[in-house]
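# Overview (structure and organization)
Letter by letter, the chains look like this.
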Amino acid sequence: MCCGTGPARPHEARARTRPRAAEPAGLTVRVGGAAARLGPALLLLSACDGRDAAPAAASPPAAPPARFRFVDVAPEAGLVRTTWAGRPDKDHLLDSAGTGVAFLDFDRDDRLDVFVVNGWRVEGSEVLERGRHALYRGRADGTFEDVTESAGVGGGGDWGCGVAVADADGDGWPDVLVTSFGSLALYRNRGDGTFEDVAEQSGLVAPTWNTGAAFLDADGDGDLDLYVAAYIDCTMDQVLAARPSLDWKGVEKVAFGPFGLKGAADRFFRREADGRYADATEEAGLRDKALGFGFAVRALDFDDDGDADLFVANDSDPNYLYRNDGGMFTEVGTWAGAALDGNGAAQACMGVAAGDADGDGLTDLFVTNFADDASTLYRARPGGVFDDVTAHAGLRDPSYGPLSWGTAFADLDLDGDLDLVEVNGHIYPQADRHPELGQSYRQPAQLFENDGGGRFADVSAQAGPGFATARAGRGLATGDVDGDGDVDLALSQLDGPPVLLRNEGAAPGAWLTVACEEAEGGGPVIGARVTLTAGGRTQSRDVASGDSYLGSHDARAHFGLGAVERADEVRVHWPGGGESVRRDVPARQVLVIRRGS
Amino acid sequence: MQVSRSVMLLGLTAAGAVALAFTVLRAPAETATPAQLVASYDSLANAILAVKATEDHIVRAILASGYAEAQATVERAKAALDAGDAAKARPELETLAALVAQLGTEGDNAVAGIRKRLLEGGHHHNAEGEQQGVFDEGYVVVTKAAKKTLLDASKAIAGAKDSKALSAAWAPVESTMSGLMKG
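Residues numbered from 1 in each chain as written. Chains lettered and ligands numbered in written order. Predicted model: local features only at pLDDT ≥ 70, side-chain atom pairs only at ≥ 80, totals over all residues. Heavy atoms only, no water.

### Remarks on the sheet that holds strand β24 (residues 328–331) of chain A
Residue and element names in this part refer to chain A. The antiparallel open sheet is built from four strands, whose spatial order is β21-β22-β23-β24. Edge strands, defined here as strands with exactly one partner in the open sheet, are β21 (293–300) and β24. Taking each pair of neighbouring strands and ignoring which way they run, the sheet shows an average axis angle of 25 degrees. (Pairing = 2+ DSSP bridges. Helix = DSSP H or I, 4+ residues; strand = E, 2+ residues; numbered from the N terminus. Axes fitted to C-alpha atoms, helices over the stretch in contact; angles between N-to-C directions.)

So, in structure tokens, the structure goes:
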């Protein structure tokens, strides 16, 4: 390793409770006319960012503080490498599917790092460049160092698609799974800043167009199994030979599919006692009988019975909702109401977010869809069924136009409820030649504010320059990258560098982040569920690996607390059983809770 | 669709070549399509139409099988609910919900895979009905409206707490299926 990151501290040295920079070490500056506490990293970045972070003196006196304000700081922060996406005209759907992005803390220095999956640059049928994935290590000053090559995670030359982060081998260090067209890579974290790809030797072989993936303990044996979705059954020769051939609204030829093409089968790998993976797709009841065009995968306990179920967002086919009963799965999506929209139609689903949108304690699902069709909010009802409440929640009209991909529930204004983000961008660059059709290739991301009861308002126009810029967006990951207590956003886009939207909102709310770790430290513990009670309100989060669109969020559970400065109780339900409880917990800190403590 | 067109074009070209050769070799010139080709095509037409009817019969058989299973299940579920045996009723209700949902989707995911393969090949059983918005793509018997009714009913069945609620949820299934199976 050449970058001098050095080994992380020994596990024993880690404090159980770590105050963060925002409150105690805070330096108060003016942002957009409002007081905000910013750590040194933010200050440095703000100094670099002449576009958006206006000094106090320049602020108009009457300007109200912006509740939401997001600014792209990726160039200054060093997230600069281009993510390639095939040919300029997107001749094949692989050219336009894009790639995922993840937040992780691979070196366990308590600062978030960023992983971005890369594709290929192609002209005609000629491969010009096989893109290298990117691992950016977060520095103390808020910038990032590209450690891809020293870490050994640039990839073996396959066209990358998705990423999922989890401690797959249980050694305390987060490992990285990358799905690609034709292969899987499992980068085992050696704990010294370097990784080794152990996929093939571990039995993770999937010669297909792999897309979303999720780690979960499917059989309750304490280790993490893996579900990998797949999209279209085709060869790279077919991809490279493809030319636009589908008539699009009578105006242009565009990339063909997915209708008219054969779906590829999803796979399920069970981790065995010897650390190898066995293809247990059939055995676990997960055979992809409909060969749906699979994209996003999210593990969640939707029926609240303590084990991990699976949701798979399928493009143009009914979604799958697999209920786990003791390690055997049953597909219940259709009658449970999550396979189709409220009209019974299969949608072109891309990404998924899971969270308790209406504060009733049940995990709802939000699925992003194609252009000229709304994204869908499936509200969970007791008994493990879902209702399409998109229109009632105020999401139908604002989400109808754009073509949406990465998505996340997150409390972006720290008021105690989950807001929604979706990242947009069309798959046909040809759209720009036909403005009369009301679509454009690049589209701004959207932010929907929760009113506290599960109804949303589109506040994108009031969310700062980060939500005003049109992009060919795809992946989205959430995490508090600058350690100031609010949630920032990482986006991937086609043929461009990543985007890092720093949350500069002036929302005054308190917050608490909960890191669920193994007894010896490290993790995170996938499948843990955190329930927080504060100010008479109970919120919950689950810890997942594999989320959004082909990506992974920071696995720590983040809560906005509004005006409440202490949580009455923080309770962690551990996968496999057991609970840890903390009472009277001060806000504005990262609370580490270890299994068994 | 493209493959089908190519095969058809090849066939037509071959048939044309045969017809041309036949015409050139004999005299005087004959303008009528050769009777043998007409007969072949007529047979093919019968086969195509028969296949379409067979598809209809198979899908109806899928529906009839599922509906019969559902009718038996609803009785078991009602009995369990009437007996106050929630533990026994739960799996019956879920099975019934799954069966009713599959009536709405003309079969389970395995059938969906076959339907998808047919669509990939360019086959739309109810092409006109799809254009009119009556049928979802590839559906043979179940209309969009019937599908929605059955899907809504399946969720209501899954959540039924007592026999009365189950009967209320089941009623639209009976009326919808009765209408569909008549056709």
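From this point, the discussion proceeds with the structure in view.
### Some details on helix α3 (residues 86–104) of chain B
Helix length check: α3 of chain B, at 19 residues, gives a terminal C-alpha distance of 26 Å against a target of 27 Å (1.5 Å per residue), a fit within 8%. Turning to α3 of chain B, its buried residues number three or more, namely Ala89, Glu92, Leu93, Glu94, Leu96, Ala97, Ala98, Leu99, Val100, Ala101, Leu103 and Gly104 of chain B. Those residues of α3 of chain B that are buried lie in contact with β23 (320–325) and α7 (333–336) of chain A together with α2 (35–82), α6 (144–158) and α7 (163–182) of chain B. Among the residues trailing α3 of chain B, Glu106 of chain B stands out with phi positive, at a value near 55 degrees. (Expected span 1.5 Å × (residues − 1). Buried < 20%, exposed > 50% of the residue type's maximum accessible area, 1.4 Å probe, protein only. Contact = heavy atoms within 4.5 Å.)

### Some details on the environment of Ser316 of chain A
Residues and elements named next belong to chain A. Within the element layout of this structure, Ser316 appears in the loop between β22 (309–315) and β23. Once the C-alpha coordinates of Ser316 and Phe259 are considered, the two residues, 57 residues apart in sequence, prove to be 7.8 Å apart. Not counting the four nearest positions on each side in its chain, Ser316 is found in contact with Pro258, Phe259, Phe293, Ala346, Gln347, Ala348 and Cys349. A distance of 2.8 Å separates polar atoms of two side chains, one belonging to Ser316 and the other to Asp315. (Polar contact = N/O pair within 3.5 Å; in protein donor to acceptor, adjacent residues only side chain to side chain.)

### Quick word on empty space enclosed by the protein
Residue and element names in this part refer to chain A. On inspection of all chains with the given rule, the structure shows six cavities of 30 Å³ or more. Phe409, Thr478, Arg541, Asp554 and Arg556 are the residues nearest the centre of the largest cavity, which is lined by 32 residues in total. Only β25 (352–355), β29 (404–410), β35 (473–479), β40 (537–542) and β41 (557–562) provide two or more residues apiece to the lining of the largest cavity. Grouping the amino acids of the lining of the largest cavity by side-chain chemistry returns 12 nonpolar, nine polar and 11 charged. (1 Å grid on protein atoms, 1.4 Å probe; cavity = no way out; pocket = protein on both sides within 12 Å on 5 of 7 lines; lining within 4 Å. Points joined across faces, edges and corners; volume = space filled by probe spheres on them. Nonpolar A, V, L, I, M, F, W, Y, C, P; charged D, E, K, R; others polar.)

### So, unusual backbone geometry
Residue and element names in this part refer to chain A. In this structure, the amide linkage connecting Gly257 to the following residue, Pro258, adopts the cis form with an omega of 0 degrees. Along the chain, Pro258 falls in the loop between β18 (252–254) and β19 (267–271). Note the cis peptide between Gly523 and Pro524, where omega equals 0 degrees. With respect to the secondary-structure elements, Pro524 resides in the loop between β38 (510–517) and β39 (529–534).

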